[in-house]
Amino acid sequence: MSKFQPFVMERMMSKFEKDVTYNLSESGVHPLLLSELLEMAPGKQNELLNIELNYPHANGIPELRRNIAHLYPGADSSQVLVTVGAIEANFIALQTLLSPGDEIVVMLPNYMQIWGIAKNHGFNMETFRLLEDRGWAPDLETLESVVTPQTRLIAVCNPDNPTGRILTETEMDAIIDCARPVGAWILADEVYRGADRISDRENPSFFGRYDKVIAVGSMSKAYGLPGLRVGWAVGPNDIIDELWARHEYLAISATMLSNHLAAWALSSDIRPRLLKRTREYIRRGYPILEEWLKAHGEQFRIRPPDAAAIAFAGYSFDINSSEFTDRLRREKSVLIVPGDHFGMDGFLRISFGLPKDYLVPALERIHEFVSETNK
């Protein structure tokens, strides 16, 4: 058996998230019911019942690809590939653009899929960090120093998981300025785009700012529809075709029903309503979490997230983050994500985009655990 780096966060979640009383490990808002989505699309229920359960277009049905293209200035549907979640889009993008021994630069902390793929596929990896003492701004000086003529790809997450930090346009341009001279690709995981906590203005995409960008999105986070398992990649036509060829090995297609439901969700009538719902969950939930954190005095610290339904809170008590979350799960039946899973012990990632009657008792159980642990 070959040496393998497990995706430790997803391993933990897939093993335990369905067995706890309170799951605060997810990074999206409380998901919709199918009935709620269909209520936003009058007349679609009969259409849904009459869909033939055949294979859809392998690259995504035309209506869905058109609606995705509208999210990216200058894109058209031929530049879109529909995938089984953003996780497939990330995987096949790296598989297409890199070979063992190629150099990749990864922003950290980050959703650690790309970091793990780099480990498992023999890529030469450099990193640059978001810095807590700068409000999670990127360390552009380090990025500039680690990018070389051998760098093939720079991977970013914007808005970021786990910090919720949105890159400024100046920072985005600085990252592009590092990539352009060496001809490096930018793989931009933008699954939280639109899930803003403060602004109603959607943060810009990397797509269209540079000709060697693959932008990745998903129905999971900003839209509250993770169960559709629909993601996408948007990029130059020739590269999208190469991703499509690898998609056929891996998945062939997302499901017919998911294609149609996602197309309706991203229509001009429904998409704004889904984003409004997501932002309402985020804006109702964060003050509850913030008040809870402040009630613990100096035990916790937080830089409020710009977007996403997760907070990356540092703590001061003397316990390893993985031990903390494992004991919390076993003793209080609450699941959160340890900072260890992002290579940053001393932090916890906590979800807050949830109904109040679910979030508050979950936080009460974490409070009980903190109090008992620090006696």
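Just so we're clear, the structure is a prediction, and the values are computed from it rather than from any experiment. (Residues numbered from 1 in each chain as written. Predicted model: local features only at pLDDT ≥ 70, side-chain atom pairs only at ≥ 80, totals over all residues. Heavy atoms only, no water.)

Draft legend 1. Geometry of the packing of aromatic side chains. If you walk through the whole model with that rule in mind, you get 14 aromatic pairs. Arranged with centres 5.2 Å apart and planes meeting at 75 degrees, the rings of Y22 and Y358 form a pair that is edge-to-face. Taken together, the residues span a long stretch of sequence, with Y22 in strand 1 (residues 22-23) and Y358 in helix 13 (residues 356-373) at a distance of 336 residues. Exposure remark for Y358: the relative accessible area of 26% places this residue in the partly exposed category. Between Y72 and F207, the ring centres sit 5.9 Å apart and the planes meet at 75 degrees, which makes this aromatic pair edge-to-face. Taken together, the residues Y72 in the loop between helix 4 (62-69) and strand 2 (80-83) and F207 in the loop between strand 7 (185-189) and strand 8 (213-218) connect sequence positions 135 residues apart. Look at F207 and you get buried, because its relative accessible area is 11%. Three or more aromatic residues link up through ring pairs in this structure, and these residues are W292, F300, Y315, F317, F324 and F369. (Phe/Tyr/Trp six-rings, centres within 6.5 Å; stacked < 30°, edge-to-face > 60°. Helix = DSSP H or I, 4+ residues; strand = E, 2+ residues; numbered from the N terminus. Buried < 20%, exposed > 50% of the residue type's maximum accessible area, 1.4 Å probe, protein only.)

Draft legend 2. Layout of the pattern of salt bridges. Applying the stated criterion across every chain, the model contains 22 salt bridges. With a closest N to O distance of 3.1 Å, R209 and D173 form a salt bridge. One end of the pair, R209, is in the loop between strand 7 and strand 8; the other, D173, is in helix 8 (residues 169-179), with 36 residues separating them in the sequence. For the salt bridge of K332 with E368, the shortest nitrogen-to-oxygen distance reads 3.2 Å. Of the two residues, K332 is situated in helix 12 (residues 321-332) and E368 in helix 13; the sequence distance between them amounts to 36 residues. Given a relative accessible area of 14%, K332 falls into the buried group. On the basis of relative accessibility, which here comes to 37%, the residue E368 falls in the partly exposed class. If you follow the salt bridges from partner to partner, you end up with E169, D173, R201 and R209 in one network. (Salt bridge = Lys/Arg side-chain N within 4 Å of Asp/Glu carboxyl O.)

Draft legend 3. Seen up close, the sheet that holds strand 10 (residues 300-301). Overall, antiparallel pairing links the four strands, which are arranged 10-11-14-13 in an open sheet. Lying at the two open borders of the sheet, with one neighbouring strand each, are strand 10 and strand 13 (337-338). Inspection of the sheet shows strand 10 paired to strand 11 (residues 310-315) by two bridges, in the antiparallel sense. Across the sheet, the residue bridging to R301 is G314, located in strand 11. (Pairing = 2+ DSSP bridges.)

Draft legend 4. A look at the sheet that holds strand 9 (residues 231-234). In spatial order, the strands read 2-9-8-7-6-3-4-5; together these eight strands make up an open sheet with mixed pairing. The sheet terminates laterally at strand 2 and strand 5 (137-138), the two strands that pair on one side only. Bridge count for strand 2 against strand 9 is four bridges, and the pairing is antiparallel. Along strand 9, the bridge assignment pairs V80 with V234. Taken strand by strand, helix 5 (residues 85-97) contacts strand 2, strand 3 (103-108), strand 6 (151-157), strand 7, strand 8 and strand 9, and its axis lies near 160 degrees from that of strand 8. (Contact = heavy atoms within 4.5 Å. Axes fitted to C-alpha atoms, helices over the stretch in contact; angles between N-to-C directions.)

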